Amino acid sequence: MKKILYTLLFVVSLLLSSCEDFTDIQPKGMNLLSTTTELEMLLNAEMYITSTDMRLAAGDVFYGGTHIPTLLSQPNKTKASILASLDDTSMDLLAELTPSDGDYTKWYEWIGRISNPILMQVDAAEGDQMTKNQLKAEALTLRAYCHWLLVNKFAKAYNPATAETDPGIPYLTHDWDISVPTEKLTVQQVYNNIIKDLDDAIALNALPNNNINRMRMSKGAAYAVKAWAYLCMQDYTNAAKAAQDAINVNGSILNYKTSTTIMQGVIMGGQHPCIFREPLKCEEDYFFIYDRELMYALTPETVAYFEPGHVCKDKIANYNMMFDNIMDYGAMVFGLPGFLVSMDQVSGWNQCGLKTTHMYLILAECAIAENKIDDAMDILDKIRVNRIDDAVYAPLKGQVTDESEAIEYFKKTSHGECIYSIYNFIQKKRWNELPKYKQTWSRFIMGQTYSIEPGSKLWVFPFPMNAVNNNPNLLPHNYESVE
């Protein structure tokens with residue numbers, strides 16, 4: 001026994017002596033990577049997120065095989081039933097039913113575990129200056145983009161008259177003292193920081209035109225985020241300039257009518273052509289975030305809002321195709337007819353990412369704001385000609401001259417481009433601040449109308465309780481400021 005004890009003590013002493021250098025480490029939360037090669041590994045993280053609640057609140061979808069009649073008739077409200085019924089009278093309960101939020105966690109995680117560690121360490125890291133500048137520019141762009149996503153989910157839409165006082169979100173910079181709880185900035189301050197990060201990133205002149213892979217930021221992505229930010233701020237001049245700068249880097253639009261694969265039917269063995277949007281290789285993606293378009297049920301109202309012949313409605317891989325259109329899968333699983341249930345496990349629909357077509361939409365909206373209707377319709381046609389079946393396609397340029405009609409076609413085109421993403425929520429929320437664009441969005445289920453109005457509190461999601469418990473400065477929830 002003594003020999004065993006002495007042996008154990010000897011081994012422990014060796015371990016302690018060999019680990020001595022590792023006991024004097026930086027505080028928890030700090031990053032120890034010390035070369036540009038090591039720091040670059042942070043940027044190679046896989047970007048994956050399943051963001052569903054914004055799509056549900058926007059009125060686009062139900063998801064996950066939800067039996068809708070059961071969901072809406074249950075006596076005790078759940079987060080899903082509150083969002084499904086667009087019940088903005090239950091916001092306090094919604095907050096209580098949100099113990100965590102995947103979007104909040106992921107976007108702040110990307111800031112805290114990728115962007116800020118790089119920005120904190122890169123200047124002192126070993127490596128050439130050109131590489132340092134590129135890493136810094138990518139990190140700044142990613143940080144700006146994540147904060148833009150966060151402010152669009154958890155704060156009010158930007159209103160030039162109130163942005164200086166509207167409560168926003170914490171903006172996490174790399175010099176933040178992690179021992180001190182963050183403070184919410186105003187919406188105006190958040191956007192100012194977003195623009196500053198993007199200006200600093202672009203000024204480094206180090207972002208590649210063609211990103212290393214589409215989960216890394218490029219020059220086009222930086223301009224794209226900048227265009228979105230300025231558009232939200234209703235600064236159409238700068239939004240149009242940034243959007244055009246992005247298109248000058250990459251303005252490709254994939255022709256969905258010819259970019260197809262075949263879905264094999266399981267009942268009759270039918271061959272059904274459907275859109276194939278290759279993950280990480282789609283030419284119209286500036287920045288790609290993984291998600292599969294699987295078991296999202298587009299509501300009948302959502303389906304009806306597409307233009308006739310739109311392939312994102314007619315040729316999305318779906319369960320009805322799989323069953324050779326013999327049975328209505330939506331009625332079987334969701335309990336109601338008329339729902340188009342997606343089943344695309346091979347494409348990458350870029351639910352939260354950045355696309356070239358976003359930039360064309362921004363240019364079109366900016367042109368409408370300047371009453372350049374013909375120019376706006378010409379821009380929309382560049383998208384539509386790649387989306388609408390040749391048998392029914394007709395150009396808008398030269399045919400649409402009325403502003404209200406132009407806005408309606410613009411909104412339908414935006415609907416088609418943003419349908420399999422969170423951007424319909426962001427667009428509709430932003431339009432609530434524009435008198436000519438705002439409207440009430442409704443869904444009709446079992447004889448009842450469920451609506452989300454422009455002034456609804458549901459446009460502002462509550463902070464998750466795990467974040468509030470760690471940082472009470474997040475309270476009050478920002479939806480409480482919606483009047």
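Residues numbered from 1 in each chain as written. Predicted model: local features only at pLDDT ≥ 70, side-chain atom pairs only at ≥ 80, totals over all residues. Heavy atoms only, no water.

**Student:** Explanation requested: the overall build of the chain in the structure shown.
**Tutor:** For the chain, the helix and strand inventory stands at 21 helices and 9 strands. Here the C-alpha atoms of the chain give a radius of gyration of 24 Å, agreeing with the 23 Å that 2.2 N^0.38 yields for 483 residues. In the chain, which comprises 483 residues, the proportion classed as buried is 55%. Intrachain contacts of the chain at a sequence separation of at least 6 include 73% that bridge at least 24 residues. For the chain, the computed accessible surface area is about 20,700 Å², with 54% contributed by carbon and sulfur atoms. For the chain, the centre of its 41 positive side-chain charges and the centre of its 58 negative side-chain charges are spaced 2 Å apart. (Helix = DSSP H or I, 4+ residues; strand = E, 2+ residues; numbered from the N terminus. Rg over C-alpha atoms; globule rule 2.2 N^0.38 Å. Buried < 20%, exposed > 50% of the residue type's maximum accessible area, 1.4 Å probe, protein only. Contact = heavy atoms within 4.5 Å. Areas by Shrake-Rupley, 256 points an atom, 1.4 Å probe, with all protein chains shown as cover. Lys, Arg positive; Asp, Glu negative; His and termini not counted. Charge placed at Lys NZ, Arg CZ, Asp CG, Glu CD.)

**Student:** Would you mind going over the pattern of salt bridges with me for this structure?
**Tutor:** Charged atoms that come close allow side chains of opposite charge to pair. Inspection of the entire model under this criterion finds 28 salt bridges. The salt bridge partner of Arg216 is Glu40, with a shortest N-O separation of 3.0 Å. Of this pair, Arg216 sits in the loop between α10 (187-203) and α11 (219-232) while Glu40 sits in helix α3 (residues 36-43), and the two are 176 residues apart along the sequence. (Salt bridge = Lys/Arg side-chain N within 4 Å of Asp/Glu carboxyl O.)

**Student:** What's the story with the packing of helix α17 (residues 356-369) against helix α18 (residues 373-384) in this structure? I'm lost.
**Tutor:** Helix packing geometry: the angle between the two helix axes and the distance between the axes. α18 packs onto α17 with a crossing angle of 165° between their chain directions and a minimal axis gap of 8 Å. Here α18 runs roughly antiparallel to α17, going by the angle between their axes. The interaxial crossing formed by α17 with α18 has left-handed handedness. In this structure, α17 contributes Thr357, Tyr360, Leu361, Leu363, Ala364, Ala367 and Ile368 to the contact, and α18 contributes Asp375, Ala376, Met377, Ile379, Leu380, Lys382 and Ile383. Taken together, the residues of the contact of α17 with α18 sort by class into 11 nonpolar, 1 polar and 2 charged. (Axes fitted to C-alpha atoms, helices over the stretch in contact; angles between N-to-C directions. Parallel < 35°, antiparallel > 145°, perpendicular 65-115°, else oblique. Left-handed = near helix turned anticlockwise from the far one by under 90°. Nonpolar A, V, L, I, M, F, W, Y, C, P; charged D, E, K, R; others polar.)

**Student:** What am I meant to see in the nonpolar core here?
**Tutor:** The nonpolar side chains of soluble globular proteins are, as a tendency, buried together. Trp107, Tyr145, Trp148, Tyr191, Leu354 and Met359 are the most contacted members of the largest nonpolar core, which totals 142 residues. At 13 residues, the largest contribution of residues to this core is made by helix α9 (residues 129-154). Apart from residues lying up to four places away in sequence, Tyr145 is in contact with Met217, Val225, Phe287, Ile289, Cys352, Gly353, Leu354 and Tyr423. (Core = buried A, V, L, I, M, F, W, Y, C linked by side-chain atoms within 4.5 Å.)

**Student:** I'm lost on the packing of aromatic side chains in this one. Help?
**Tutor:** Two numbers describe a pair of aromatic rings. These are the distance of the centres and the angle of the planes. Tallying each qualifying case throughout the model produces 23 aromatic pairs. Here Tyr145 and Phe287 contribute two aromatic rings whose centre-to-centre distance is 5.9 Å and whose plane-to-plane angle is 85°, an arrangement assigned as edge-to-face. Of the two residues, Tyr145 is situated in helix α9 and Phe287 in strand β4 (residues 285-287); the sequence distance between them amounts to 142 residues. Overall, Tyr145 belongs to the buried group, its relative accessible area being 1%. By relative accessible area, Phe287 is classed as buried at 1%. Ring geometry for Phe425 versus Trp459: centroids 5.4 Å apart, planes at 45°, classification tilted. (Phe/Tyr/Trp six-rings, centres within 6.5 Å; stacked < 30°, edge-to-face > 60°.)

**Student:** Whenever I open this one, the environment of Tyr420 confuses me. Can you help?
**Tutor:** Assignment of secondary structure puts Tyr420 in the loop between α19 (403-418) and α20 (423-431). Along the chain, Tyr420 and Ile262 lie 158 residues apart, while their C-alpha atoms are 20 Å from each other. For Tyr420, the contacting residues outside a window of four places in its chain are Arg55, Glu293, Leu298, Cys312, Ile316, Trp349 and Gln351. At a separation of 2.5 Å, a polar atom in the side chain of Tyr420 contacts the main-chain carbonyl oxygen of Cys312. (Polar contact = N/O pair within 3.5 Å; in protein donor to acceptor, adjacent residues only side chain to side chain.)

**Student:** Please explain the pairing of strand β5 (residues 293-298) as it appears in this structure.
**Tutor:** Moving residue by residue along a regular strand, the side chains alternate between the two faces of the sheet. The buried fraction of β5 is high, at 5 of 6 residues. Pairing analysis gives 3 bridges linking strand β1 (residues 61-63) to β5, with the strands arranged antiparallel. Looking at the pairing, Phe62 lines up with Ala297 of β5. Bridge count for β5 against strand β6 (residues 340-344) is 4 bridges, and the pairing is antiparallel. Within β6, the residue paired with Leu298 across the bridge is Leu340. (Pairing = 2+ DSSP bridges.)

**Student:** Looking at this model, I keep getting lost on the packing of α10 against α11. Mind explaining?
**Tutor:** Remark: α10 packs on α11, axes separated minimally by 10 Å, with the N-to-C direction vectors making an angle of 155°. Taken together, the axes of α10 and α11 are roughly antiparallel relative to one another. Read as a crossing pair, α10 and α11 show a hand that is left-handed. Side by side, α10 and α11 meet where Tyr191, Ile194, Ile195, Leu198, Asp199 and Ile202 of the first sit next to Ala222, Tyr223, Val225, Lys226, Ala229, Tyr230 and Cys232 of the second.

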